[in-house]
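# Architecture and fold: a report
Spelled out, the chains give:
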Amino acid sequence: MSMVLDCPSSSASAHPWAIALQQPAVEFGPVSLPLLAGQVPPGLRGTLYRNGPGRLQRGGQAVGHWFDGDGAILAVQFSAEAIATYRYVQTAGYQAEERAGRLLYGNYGMTAPGPIWNQWRRAIKNSANTSVLPLGDRLLALWEGAQPHALHLQTLDTLGLDDLGGLPAEAGYSAHPKVDRLHHEVINLGLSIGPRTTLHLYRSRLTAQGSDRPGTLIQQQTHALDGVPLLHDFVVAGPYIVLCIPPVRLSVLPVVVGVKSFSDALTWQPQLGTEIWICDRQDLTCLHRLTVDPWFQWHCNNGHVDDDGQIVLSLIRYGDFQTNQHLKEIATGTPKTAVCGQLWQIRLDPQAGRFVDAEPLVSQSCEFPTVAPDRVGLPQRHTYLSIHPPDSPQPSGLFEAIACFDHHTGRLQSSAPVPGCYPSEPIYGADSADPTQGWLITVVLNTLAQRSEVWIFDAERVDGEPVARLELPQMVPPSFHGAWQAA
Ligand SMILES: [Fe+2]
């Protein structure tokens, strides 16, 4: 498979958005948001939740990687008015470091500060900083190395760790659960790293049933793994679960001894190829394993089974693992490593367990693919993305635009970049009055105004002006992932 290159070169200059990472974010709200322009669609009723690292330093010391910051949740509730709340997740590690006034723990991209025995006597901090999963009675803050934290849906008060009625204590729960609203289920995976590294697949109820709370596990399956891979996301495609396991492996010993962080102990091993697992969604067993040319992906988009019985999925594909270095450098505000993820489509034959083909759909550098929530596991017309414009002046920085790729026409529609403004991953919210109408919500860091804003686009007209812009009271640091909960 040849890569189609439409990727810019690197840039080592300071980025305007660095100001949002230099100081710990400050909690706010609940606060009503002033309208800067346009009008909030009356049919947009529900809450946008977003999660990301709110602070990347403590006591004068910086964390090692963008992934190491303490999770902070933004909630923007749309009803008669728009009301925003921003709160740190009160993890045990956050509270202990708050009391100590300094960093205490190791994390994905850093070993624990101080003498080496700190590596052995202190657990890795669960940063709760990657994504969110709204359930009917609580919000989960997700961090894939350990169990989620539960928060109050409105106040964002932290309620504590949540094992969904049976998560193994040693296992993680990925930041990319797939919510299937048609079957009222949540599918997810997790890894447990140890003498025998294990992949866990989970199936949960989405809604309460009897005494079971929303999210309660109804099935688990474990699979032994060869080595310790990095697996952040996956695909549900009709009756299948598809895992694409990139050839990145962890050297466990340096981590156990305490001389390397997880990030520094991960190596790109292209000779292994990317391993694809096709699993049965119902019983969570593995039906086929196949190995294809190497690529790396953080994020899968969506999958479905087409009329020919083939699995069609898409993901953001990189040619190597340099993206990890790039994301580490983001935390410094001056990333030097340029990377280029592209939206690719992969087709598989689930009967024969065969790779069919792969092709790039979007050659511009892009990330954070999302679809409308009701399309998970089903064919989708549109994929929404964060994207660098072809002529981006800062191609190794945060994305300057959002985009919509039309899978029927192959057309890519992008928002107009606004100088100094950096939109987050676009999240789709359906209109409560008109199910054919959707809105894209993105939280924009406006570095010129030194604040963040909420922009709402008509999902069919991403290349038009936002239909509304709302002012948040201050800067919210760039976040990773979000979710929409309809009212
Ligand atoms: Fe992610």
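Structure's up top.
Residues numbered from 1 in each chain as written. Predicted model: local features only at pLDDT ≥ 70, side-chain atom pairs only at ≥ 80, totals over all residues. Heavy atoms only, no water.

All right, on to the overall build of the protein chain then. Looking only at helices and strands, the protein chain has five helices and 35 strands in total. The C-alpha atoms of the protein chain give a radius of gyration of 21 Å, which matches the 23 Å a tight globule of 487 residues would have. Once the C-alpha set of the protein chain is aligned to its principal axes, its extents read approximately 60 × 55 × 55 Å. Burial statistics for the protein chain: of 487 residues in total, 60% are counted as buried. Partitioning the intrachain contacts of the protein chain with sequence separation of at least 6 by distance along the chain shows that 59% fall at a separation of at least 24. When the accessible surface of the protein chain is summed, it comes to about 18,500 Å², and 51% of that surface belongs to carbon and sulfur atoms. Positive and negative side-chain charges in the protein chain, numbering 32 and 45 respectively, have mean positions lying 7 Å apart. (Helix = DSSP H or I, 4+ residues; strand = E, 2+ residues; numbered from the N terminus. Rg over C-alpha atoms; globule rule 2.2 N^0.38 Å. Buried < 20%, exposed > 50% of the residue type's maximum accessible area, 1.4 Å probe, protein only. Contact = heavy atoms within 4.5 Å. Areas by Shrake-Rupley, 256 points an atom, 1.4 Å probe, with all protein chains shown as cover. Lys, Arg positive; Asp, Glu negative; His and termini not counted. Charge placed at Lys NZ, Arg CZ, Asp CG, Glu CD.)

Here the iron ion is held by the protein donor atoms His176 (NE2), His232 (NE2), His299 (NE2) and His481 (NE2), which lie 2.0 to 2.2 Å from it. In this structure, the iron ion is coordinated by four donor atoms arranged in irregular fashion, with angles at the metal of 87 to 164°. Motif for the iron ion, donor spacing along one chain: H-x55-H-x66-H-x181-H. Taken together, the residues His176 in the loop between strand 11 (158-161) and strand 12 (178-180) and His232 in the loop between strand 15 (217-224) and strand 16 (235-237) connect sequence positions 56 residues apart. The class for His176 is buried, based on a relative accessible area of 10%. On the basis of relative accessibility, which here comes to 9%, the residue His232 falls in the buried class. (Donors = N, O, S within 2.8 Å, 3.2 Å for Na, K, Ca; no water. Tetrahedral: all angles 85-135°; square planar, octahedral: opposite > 155°, others 65-115°.)

With that out of the way, let us pick up the sheet that holds strand 11. Within a sheet, adjacent strands bond to each other through the backbone by hydrogen bonds, running parallel or antiparallel. Reading across the sheet, the four strands line up as 8-9-10-11 and stay open at both edges, with antiparallel pairing between neighbours. Of all the strands in the sheet, the pair left with one neighbour each is strand 8 (131-134) and strand 11. Taking each pair of neighbouring strands and ignoring which way they run, the sheet shows an average axis angle of 25°. Two elements, strand 8 and strand 9 (residues 139-142), share four bridges in a ladder whose sense is antiparallel. Looking at strand 9, one finds that Val132 is bridged to Ala141. (Pairing = 2+ DSSP bridges. Axes fitted to C-alpha atoms, helices over the stretch in contact; angles between N-to-C directions.)

The next point concerns the packing of aromatic side chains. Scanning all chains against the criterion turns up 15 aromatic pairs. Ring centres of Phe67 and Phe480 lie 5.7 Å apart, and the angle between their planes is 90°; this geometry places the pair in the edge-to-face category. With Phe67 in the loop between strand 5 (61-62) and strand 6 (70-78) and Phe480 in the loop between strand 34 (468-471) and strand 35 (481-486), the pair connects residues that are 413 residues apart, well separated along the chain. Using a relative accessible area of 18% as the deciding quantity, one classes Phe67 as buried. Assessed through its relative accessible area of 6%, Phe480 is described here as buried. Taking the centre distance of 5.1 Å and the plane angle of 20° together, the rings of Tyr88 and Tyr94 count as stacked. Take Tyr88: its relative accessible area is 4%, and that puts it in the buried class. Through a chain of ring-to-ring contacts, three or more aromatic side chains come together here, namely Trp66, Phe67, Tyr108, Phe296, Trp298, Tyr318, Phe321 and Phe480. (Phe/Tyr/Trp six-rings, centres within 6.5 Å; stacked < 30°, edge-to-face > 60°.)

What follows covers the nonpolar core. Side chains of a nonpolar character, in soluble globular proteins, are inclined to be buried together. Counting 39 residues, the largest nonpolar core has Trp66, Leu230, Trp298, Phe321 and Leu385 as its most contacted members. For this core, the elements supplying multiple residues, two or more each, are helix 1 (19-22), strand 18 (248-250), helix 5 (322-330), strand 27 (382-387) and strand 28 (401-406). No other element matches the three residues that strand 28 contributes to this core. In this view, Trp298 contacts Phe67, Tyr108, Leu230, His232, Asp233, Ile316, Tyr318, Phe321, Thr323, Asn324, Leu327 and Glu367; residues no more than four positions away in its chain are not counted. (Core = buried A, V, L, I, M, F, W, Y, C linked by side-chain atoms within 4.5 Å.)

On to the sheet that holds strand 35. Reading across the sheet, the five strands line up as 1-7-6-3-35 and stay open at both edges, with antiparallel pairing between neighbours. The open sheet terminates on both sides in strands that have one partner only, identified here as strand 1 (28-32) and strand 35. Between one strand axis and the next, the sheet turns by 15° as a mean value, whatever way the strands run. Pairing of strand 6 with strand 7 (residues 82-88) involves seven bridges; the strand directions are antiparallel. Bridge assignment links Ala72 to a residue of strand 7, and that residue is Tyr88.

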